[in-house]
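# Structural overview for review
Next come the chains, spelled out residue by residue.
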Amino acid sequence: MTSINSDQMSSMVLASLNKSNSEMKIAMERLSTGKRINAAGDDAAGLSISSKLRAQVDSLNAAIKNSSDALAMVSTIEGALVETTSILQRMRTLAVQSSSDTNTGNDRTYLQDEVNQLITEINRISTNTEFNSTKLLDGTFTDKNIQIGTASNQVLRLGVASTDSTKLGAYQLDTIDETIGRVDSFASANTAVNALFSADADYVVKGTFGTYTAMVDAGADARDVAASFNLLSGDTGVSATSLTKANLSVSAAGTFSFTLQGKSTTTSQITATVTSTTDLTAIKDAINAVSGSTGITAALSSDKAGINITQSEGYDILIGDVSTGSTNADLVVAAMDMDNVKDTTDVTIDTTATITTGAAATIAATGHGFSVGDVVTYTAAGTTLAGLASGTSYIVGTVANANSFTLLTTTSGAVTYGNSGSANGVTGAGGNASDKFTRVGRSLDGDSTSGDSTAVVGVVRLSSQNAYTVSPGNAANIFSTSTTEITASHNTISGISLTTKAGATKAMSIIDGALLMISGIRSDMGSANNRLESTIDNLSNIAVNAQKSLSTVEDANFAEETARLTKAQILAKAATSMLAQANKAKETMLALLQ
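Residues numbered from 1 in each chain as written. Predicted model: local features only at pLDDT ≥ 70, side-chain atom pairs only at ≥ 80, totals over all residues. Heavy atoms only, no water.

## Looking at the sheet that holds strand β7 (residues 203-207)
Using the following cut-off: The pairing criterion is simple: DSSP has to find at least two bridges between the two strands. Counting from the N terminus, the helices are DSSP H or I runs at least four residues long and the strands are E runs at least two residues long. Only heavy atoms enter the contact rule, under which two residues are in contact if any of them lie within 4.5 Å. Axis definition: a line fit to C-alpha positions, over the contact stretch in the case of helices; interaxial angles, taken between N-to-C directions, run 0 to 180 degrees.
The antiparallel open sheet is built from four strands, whose spatial order is β8-β7-β29-β30. What marks the edges here is a single partner per strand, and that holds for β8 (210-214) and β30 (486-487). Of the pairings in the sheet, the one linking β7 to strand β29 (residues 468-472) comprises five bridges and is antiparallel in character. Bridged to Val205 within β29 is Val470. Packing of helix α5 (residues 222-231) onto the sheet brings it into contact with β7, β8 and β29, and relative to β7 it is tilted by some 40°.

Dropping the structure here:
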């Protein structure tokens, strides 16, 4: 049918033209933005996928930045700890230098001056080391979370303990330094010291490493105990050293003869003539003459009135059968700890209780713990007990029971004292409720065949960079007189002193503990550094692949879109031409009206 009201050709061509224009618009939009999806209508599912991939890529890039920042922070910590390690190593060098007797007191003072400055620098590093205004080594940077992933739980926990001088050091525990009460022969001393500690006194060590038991046998000396702990050191981190030290002095001049035993099972005989109680060189030389056999070395005290003897491996030192012939002279033996401090036992006694004045008056003291021959120093808390002098040493003459004892002079002479009645011109008076008697040694009787022998027990020092406790299995043990758990003390570098040989020797073990602490922190930082490097590599790989997937979903294919644009442009031109032809075709209808 021929009509002019319904132009189907023009309508058809117009629809095609509109479609071509729409295709051309889409192609131009994609080519101009570079994206295949510019609106939800372009690809509804693809838009959802691309949004998730875009969030993942952005989060991964942020995590990479976080990890890179953390890596820089760890490097900052490591750099500071490297310097702290160098300082501690210098301090240890100074401690070794100070422990030598080639140094004078002034030399050690100068060494301590440098140590003080080094400690100040360690504190400065601990206080001032920071990253992005965050303090790192002052103990506040603990349990921090570094976001290293795209989810909330993908974190690296990082923390650093304080490296202040009051925190760096070693957890140490020393055994008791002691001598046995004097006995009547060398053989008896040997038997007594071997029976001093129980075979059941095994030691349970507890710490962050778990629980382990150091086994000991009956008669074990300090060397044996230390060896038992060292067998476990690979698991516990607790190392042990042993040493036996004692101080010798004499009550009067004379020719001293006694049996000495240390490392060797063979005894050595010591004989030396002392002409003055203030110069014991002869005894010192005689002991050193047999040191190859006993392992015991001797050195005079600064005033020459004492001798410090040392068995460096921790074997018990036995001194027995002391003899001075008919001369009334005693050899006084006092155990010493690793820091050259003499073994002392303080007993507070109420001397206001009735003490009938007289020679060798009985002093009542519940559970005093003294033995015959103990050298005790009396210290009055106020007015002195009549007949005694505060600050003066005496010998325990008799011990009737665990709750009473009597006194003699240090030359085993009679002494009159008391607070009731009078005798030999001494009128009883004075005394205090808190007077003190301090045992400072064992007096071995030189002019008698009894009370002439004793043994010195070695000291074990446990040391670790981590806290720990020790629980003896029996009350007869080398650490204490009970089975109560003992906690190691934290000795820090802030308290070390190189002004004495003993202080310098102790400082070495404390600095060793500090070095282990720093090494532990550096190990943690090294592990974190390696992990962060791996994290960054992994995140980068994931980000690249996620970006690739995002590009596949979201980005426009320029070749495809260019072809589409060209096709649309050609179709649009063709449609325009056809529309013109369709419009012109209607003009033929006018001929029918002519």
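## Some remarks on the sheet that holds strand β10 (residues 254-261)
In spatial order, the strands read β6-β27-β14-β10-β11; together these five strands make up an open sheet with antiparallel pairing. Two strands close off the open sheet at either side, each with one partner strand: β6 (178-179) and β11 (268-274). Relative to β11, β10 is paired through seven bridges, and the arrangement is antiparallel. In the sheet register, Phe256 faces β11, and the bridge partner there is Ala272. In this fold helix α4 (residues 186-194) packs onto β10, β14 (317-323) and β27 (454-457), with an angle of close to 155° to the strand it touches most, β14. Running at roughly 160° to β11, helix α7 (residues 281-289) makes contact with β10 and β11 of the sheet.

## Points about the pairing of β14
The condition is simple: Relative accessibility under 20% of the residue-type maximum defines a buried residue, over 50% an exposed one, and the middle range a partly exposed one, all with a 1.4 Å probe and only protein chains included.
Burial of β14 is extensive: five of the seven residues sit out of reach of the surface. Inspection of the sheet shows β10 paired to β14 by four bridges, in the antiparallel sense. Residue pairing for β14: Leu260 is matched across the bridge by Ile319. Alignment of β14 against β27, held across three bridges, turns out to be antiparallel. Each residue of the ladder has a partner; that of Leu318, found in β27, is Ala455.

## What about the nonpolar core?
Put simply, the test is: Nonpolar cores were defined as sets of buried Ala, Val, Leu, Ile, Met, Phe, Trp, Tyr and Cys residues, with membership established by side-chain atoms within 4.5 Å.
Formed by 84 residues in total, the largest nonpolar core has its most connected members in Met91, Tyr203, Phe229, Leu462 and Tyr468. The greatest single-element share of this core, amounting to 17 residues, is contributed by helix α9 (residues 501-554). Membership of the second largest hydrophobic core comes to 28 residues, among which are Val250, Leu260, Val274 and Ala298.

## As for helix α3 (residues 105-128)
Basically, it comes down to this: Expected span, for any helix, means 1.5 Å times one less than how many residues it has.
The terminal C-alpha atoms of α3 lie 35 Å apart, and with 24 residues this matches the ideal 34 Å at 1.5 Å per residue to within 8%. Of all the residues in α3, the buried ones are Arg108, Leu111, Gln112, Val115, Leu118, Ile119, Ile122, Ile125 and Ser126.

## A short note on the pattern of salt bridges
Condition: Counted as salt bridges are all cases of a side-chain nitrogen of Lys or Arg within 4 Å of a carboxyl oxygen of Asp or Glu.
As enumerated under the stated definition, the model contains 17 salt bridges in all. A salt bridge links Lys284 to Asp285, with the shortest nitrogen-to-oxygen separation between them at 3.0 Å. The exposure class of Asp285 is partly exposed, given its relative accessible area of 40%.

Nothing here speaks to function; it is all geometry.
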